[in-house]
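# Report on the structure
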Amino acid sequence: MNRILTTKLDGKDTLRAPETAIILFLLMITFKTCNMPAVLYSAAEESGIWCIIIHAVLDAILTCVSLYVASLGGIQSKNIPKGVRKVAAALLLFFFLFKLSAFIYETTTSSSSVLFENSLIFPIFLAILISTAIIGSSGFTVIGRGSLIFGWLSIFMLVFNLFFVGFDGFGYNLFPALRFENVTKGLIKQAVWFGEPLILMTADLSKKYTKKQNALIGGAFAAASLVLIAFYLLLIYTYGNASKSVNNAFSRVLTMNKYSNELGAVDWPMIILWLIAALIHTSCLFSACKQCYVELVEVGKKGLTAKTIIFYILAIGLPLVFYFTVFDNVLYTTVLGSLPVGIITFALGYALPLVVAIAAFIKVKKIKKEEKLNEVTE
Amino acid sequence: MNVEELKETLKSDFCQSFDLVLLQRKIGELDCLYAYFDGMIDKELLENGVISKLFAAPTLNGNIDIKYLYNNTSSSGKIEEIENFLEAENTLTEGFVVLFVDDLFFSIDLRKMEKRSITEPPTSSVLKGPRTGFVEEIAVNVSLIRRRIKNKDLVIQSLTVGKYTQTTVAVCWISSIADKAIVDSVMKRISQINIDGIIDSSYIGMLIEDNQSSLFSQISSQEKPDIVVAKILEGRVAIVVDGSPMVLTLPYMLIESFQDSEDYFRRNRRTSFVRLLRLIGIIFAVLLPAGYVALQEYQYQFLPFKFMITIINATSGTPFTPTYEMILVLIVFDILNEASIRMPRFVGMALSIVGAIVLGETAVQAGLLSSPAVLVMALSAIGMYTTPTNMGTFSIIRLAFLLAASLFGMLGLVIACMIFIVSICSLKSFGTDFTAPYAPVVPADLKDGFIKKSINDTITRPKALHTQNKIRKGKSKNE
């Protein structure tokens, strides 16, 4: 069969601004949902909510900066000086790999604990690794669209659940979380669950959107942050005695436990939603890693797939061997985030987009200036 | 070349085919030869309308009087001069009568082939709405479309595909509505097909679709002209293939699997309800066997306590694990399904009895299979029939999900679902997203999604199709 016959139609740009905004909104919610059990545990502690608010604000700033880079064509864009591009790709790759290995570990251990009573660790790890690598290879847009479908399913699931919600609100639960003490410690501890907007830097959103559309895309992220803060507050408020029942936060709030005799252990809709969110998150990290890796090794070289697989095995496999042998705690990411390597990585995550954006901004301005000069001389 | 030599050449070129008829006759004083294939022409018309009329034809200086020839045969069938011998042979294979006289070649259209009458297609029967179905004759099929769209903007262009079959393929669209890029792409892809033969329209469909390795077909196949016309009016392109009662329409979106022609002939609320039922049906069909295995093998704690006790009682004593049991039931069902489709109706009845009573009930009574497994399979099978278009595809997906669930329980099922959803999200049909209008969300097109709005609200054509004329309904006749 002639290959020409199967080529796709060109010039059909279907990633419109509203769709980009919806996808980004959903992905942001997804990224945070998969961290929810761990974040809730931490958020219920002293100053937890303040840490979340500060991180959410930092995320919003990161989003704006990353969106600027994405609007220029992402990390592979020629609008970024070559030297900065290569170094940024390498550092971003390190950042994403760090997060990726951490989240694969966390998803594996959490799945094993919730679904398999702490058994089958290695097969689960392999299943998650391979499937998320496959999904991640399909790219940001496709993952985003996939998450749209899961978004629809989740809406159905949540609407259904609302009929069976048993609220157990208790305002006192919020008090420790609202106290403004030990914020720095909390910030470092929670850093591991934030910083996902950096994934945007690897996406190519170089479309000619209008100012209104750009505002819509940025607004979607801001809305996601607000929704999350409200949701966290609601969860802490409603889960009764926070310190004791944190592990059951999901089942207490959004499921139908009081109907368990009729409907079964009904926290499963939330477990499945969490699982989907975790897999989408991991796949997005894979996709981001791939983009950075491709920038570093140059696209089109022979044996790229084989090289990528070997690279992934080394880059993700080795840290995971370390995690599995050293840590034995589902909530280990807080420990990891507090280690020097964690602090450096996350500090890097906040500094890098700014550096790249400034470098890109200067180069774009220079290009425009040259273009103007050429026009004048012509 | 004289007539005798011509006869020999034709016999030799067509390898002494027994159905090649060569009649040596006279046109005035000149020897001539009528050639045709038996069973493809109206013999009576040839004898009475052509041969007998031309027998007494005058000659002009020993040559044939072409004006007389045209005047006396055109009432029986369209007559055209052919340029050369090779083209004459090709015309012969298309079912025309070829007349060789005075070193000239003429084709006379006296084609009369046996064809099926227009009936209601057995797989698309409706309670309400048109009952006409396409047949195997391309001219009839094209006329069924043409008589419904009485507008000069309806374009029907033909192409010939297949080295040996020389199959006529007609591409239909409305020039003022359809996206030109899609039309150009369709024409280009069809014209580039290099294959020995086209037996059915599905050949064309498989050869021109975007992703040939996908489980899902990215081109729709329809048996009824009313559906095809509705799709052309939406801005799609239809492909009619000679010899096939199935007409292809494209671009194709997954949501079309959940739509039925009858949906447009009844109240929109009823349609929405039925479409949601179809969605639930297909979710049941695909996920229920896998979910049953996952819950039985791994996450039994998810089951309600009373329900779990009932299942434990029902499954205790069966020799197979839930996975083997479900795979066995599923394969038996697919075998029964495959057998019953091709069986004559009266044998099919017997097969149903064998399947339902002998196999199902006896297997449960003998303790080989548990009744929940049979029940789950039955529910899944019923759900599958709600969207018959993609039944084969969903059947494979169901098996894949089952295997994933048997390996990793709910985790495996979620992973399989994610890979499946991501794979369909990456599909395109001629530049249109396969999962539109839900991913990407096209708000304007949601009005004909799972929730259907009334015909009065259906003002625009599907935006996902990038049509030239976006408005399909004005407020008044003059608008």
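Residues numbered from 1 in each chain as written. Chains lettered and ligands numbered in written order. Predicted model: local features only at pLDDT ≥ 70, side-chain atom pairs only at ≥ 80, totals over all residues. Heavy atoms only, no water.

### Some words on the sheet that holds strand S8 (residues 154-161) of chain B
Residue and element names in this part refer to chain B. On the basis of which strands lie adjacent, the open sheet formed by five strands has the order S8-S9-S11-S12-S10 and antiparallel pairing. In the strand order of this sheet, the two ends are held by S8 and strand S10 (220-222), each with one partner. Pairwise comparison of adjacent strand axes, ignoring direction, gives a mean angle of 25 degrees for this sheet. Across three bridges, the pairing between strand S11 (residues 237-241) and strand S12 (residues 247-250) is antiparallel. Considered in S12, the bridge of Val 237 is made with Leu 250. Packed onto the sheet, helix H6 (residues 180-191) meets S8, strand S9 (167-174), S11 and S12 and runs at close to 175 degrees relative to S9. (Pairing = 2+ DSSP bridges. Helix = DSSP H or I, 4+ residues; strand = E, 2+ residues; numbered from the N terminus. Axes fitted to C-alpha atoms, helices over the stretch in contact; angles between N-to-C directions. Contact = heavy atoms within 4.5 Å.)

### Topic: the interface of chain A and chain B
Counting from both sides, the interface comprises 45 residues of chain A and, opposite them, 46 residues of chain B. Across the chain A to chain B interface the summed buried area is about 4,100 Å²; carbon plus sulfur atoms make up 75%. Our count for the chain A to chain B interface comes out at one salt bridge. In this structure, the salt-bridge partner of Arg 145 of chain A is Asp 433 of chain B, at a minimum N-O distance of 2.9 Å. Summed over the shared surface of chain A and chain B, the result is one residue pair in polar contact (both at pLDDT 80 or more). For the side of chain A that touches chain B, the elements supplying multiple residues, two or more each, are helix H1 (17-33), helix H4 (82-116), helix H5 (121-137), helix H6 (140-162), helix H12 (260-263) and helix H13 (268-297) of chain A. Of the residues that constitute the side of chain A that touches chain B, the class distribution is 28 nonpolar, ten polar and seven charged. (Buried area = accessible area lost by both parts, 1.4 Å probe. Salt bridge = Lys/Arg side-chain N within 4 Å of Asp/Glu carboxyl O. Polar contact = N/O pair within 3.5 Å; in protein donor to acceptor, adjacent residues only side chain to side chain. Nonpolar A, V, L, I, M, F, W, Y, C, P; charged D, E, K, R; others polar.)

### A closer look at the nonpolar core
Of all hydrophobic cores here, the largest spans 140 residues; its most connected members are Phe 96 and Ile 316 of chain A together with Phe 216, Phe 401 and Leu 411 of chain B. The greatest single-element share of this core, amounting to 20 residues, is contributed by helix H14 (residues 391-425) of chain B. Excluding anything up to four places from it in sequence, Leu 411 of chain B contacts Ser 111, Leu 115, Phe 116, Ile 124, Ile 128 and Leu 275 of chain A. (Core = buried A, V, L, I, M, F, W, Y, C linked by side-chain atoms within 4.5 Å. Buried < 20%, exposed > 50% of the residue type's maximum accessible area, 1.4 Å probe, protein only.)

### Re the sheet that holds strand S2 (residues 30-37) of chain B
Residues and elements named next belong to chain B. The strand order S1-S2-S6-S7-S5 describes an open sheet built from five strands, whose pairing is antiparallel. Of all the strands in the sheet, just strand S1 (20-27) and strand S5 (79-82) have a single pairing partner and so form its edges. Strand after strand, the sheet turns through a mean of 25 degrees between neighbouring axes, direction not considered. Where S1 lies against S2, eight bridges are found, and the strand directions are antiparallel. Each bridged residue has a counterpart across the sheet, and for Gln 24 the counterpart in S2 is Leu 33. Against the sheet, helix H3 (residues 66-73) touches S1, S5, strand S6 (97-101) and strand S7 (104-108), its axis set at about 140 degrees to S5.

### Notes on the packing of aromatic side chains
Applying the stated criterion across every chain yields a total of 19 aromatic pairs over all chains. Summarising the aromatic geometry, the rings of Phe 98 of chain A and Phe 346 of chain A are spaced 5.7 Å apart at their centres and angled 75 degrees between planes, so their arrangement reads as edge-to-face. In this pair, Phe 98 of chain A sits in helix H4 while Phe 346 of chain A sits in helix H16 (residues 340-377), placing the two residues 248 residues apart along the sequence. Overall, the relative accessible area of 9% leaves Phe 98 of chain A in the buried class. Its relative accessible area of 5% is what places Phe 346 of chain A among the buried residues. Judged by centre distance (6.3 Å) and plane angle (80 degrees), the rings of Tyr 70 of chain B and Phe 106 of chain B are edge-to-face. Residue Tyr 70 of chain B is located in helix H3, and its partner Phe 106 of chain B is located in strand S7; the two are separated by 36 residues in the primary sequence. Judged by its relative accessible area of 0%, Phe 106 of chain B falls in the buried class. Members of the aromatic cluster, connected to one another through ring pairs, are Phe 216, Tyr 252, Phe 394, Phe 401, Phe 420 and Phe 434 of chain B. (Phe/Tyr/Trp six-rings, centres within 6.5 Å; stacked < 30°, edge-to-face > 60°.)

### Structural notes on the packing of H4 of chain A against H14 of chain B
Closest axis-to-axis distance for the H4 of chain A/H14 of chain B pair is 11 Å, and the angle between their directions is 110 degrees. By the angle between their axes, H4 of chain A is roughly perpendicular relative to H14 of chain B. Side by side, H4 of chain A and H14 of chain B meet where Ser 111, Leu 115 and Phe 116 of chain A of the first sit next to Phe 408, Gly 409, Met 410 and Leu 411 of chain B of the second. Taken together, the residues that form the contact of H4 of chain A with H14 of chain B break down as five nonpolar, two polar and no charged. (Parallel < 35°, antiparallel > 145°, perpendicular 65-115°, else oblique.)

### What to know about the environment of Arg 275 of chain B
All names here are of chain B. Within the secondary structure, Arg 275 sits in helix H9 (residues 268-297). On the basis of relative accessible area, Arg 275 is assigned to the buried category, the value being 1%. A C-alpha to C-alpha distance of 15 Å links Arg 275 and Tyr 438, two positions 163 residues apart in sequence. Within the structure, the side chain of Arg 275 is placed 2.9 Å from the side chain of Asp 448, a separation counted as a polar contact.

### Digging into a nonpolar patch on the surface
All names here are of chain B. A cluster of nonpolar residues, Phe 273, Leu 277, Ile 280, Phe 284, Leu 375 and Leu 379, forms a patch on the protein surface that exposes about 550 Å² of accessible area. Looking at the nonpolar patch, the elements with two or more residues in it are H9 and helix H13 (371-384). On the secondary structure map, Phe 284 appears in helix H9. (Patch = residues over 30% accessible without salt bridge, like charges linked within 9 Å, V, L, I, M, F, W, Y side chains within 5 Å. Areas by Shrake-Rupley, 256 points an atom, 1.4 Å probe, with all protein chains shown as cover.)

### Some details on the environment of Lys 365 of chain A
All names here are of chain A. Residue placement: Lys 365 occurs in helix H16. By relative accessible area, Lys 365 is classed as exposed at 55%. Separated by 276 residues in the primary sequence, Lys 365 and Ala 89 place their C-alpha atoms 22 Å from one another.

### Concerning the confidence of the model for chain B
Residue and element names in this part refer to chain B. In the predicted model, chain B carries a mean pLDDT of 86, and the fraction of residues at 70 or more is 96%. The secondary-structure element of chain B with the lowest mean pLDDT is helix H12 (residues 345-365), recorded at 70, while S11 shows the highest, at 95. What the predictor reports for the complex is a pTM of 0.81 with an ipTM of 0.78. (pLDDT = per-residue confidence, 0-100.)

### Things to note about H9 of chain B
Here H9 of chain B is 30 residues long and its end C-alpha atoms lie 42 Å apart, about the 44 Å a rise of 1.5 Å per residue gives. Of all the bends found along H9 of chain B, the most pronounced is centred on Leu 287 of chain B and spans about 45 degrees, while Pro 289 of chain B, a proline, follows it within four residues. (Expected span 1.5 Å × (residues − 1). Bend = angle between axes of the 7 residues up to and from the residue.)

### Quick look at the confidence of the model for chain A
Residue and element names in this part refer to chain A. Summary statistics for chain A give a mean pLDDT of 73 and a share of 70% for residues scoring 70 or more. The lowest-confidence element of chain A is helix H10 (residues 242-245), averaging 41 in pLDDT; the highest-confidence one is H5, averaging 87. This model gives residues 1-14 a pLDDT under 50, and the stretch forms 35 contacts once residues within four places in sequence are excluded. With pLDDT under 50 throughout, residues 240-259 is counted as low confidence; its partners more than four residues away or in other chains account for 49 contacts.

### Focus on the pairing of S9 of chain B
Residues and elements named next belong to chain B. When you tally the buried positions in S9, you get seven out of eight residues, the bulk of the element. Of the pairings in the sheet, the one linking S8 to S9 comprises eight bridges and is antiparallel in character. The partner of Gln 157 across the bridge, within S9, is Val 171. From the end of S8 to the start of S9, which pair antiparallel, there are five residues, and Gly 162 there has a positive phi angle of about 105 degrees. With four bridges connecting them, S9 and S11 associate as antiparallel partners.

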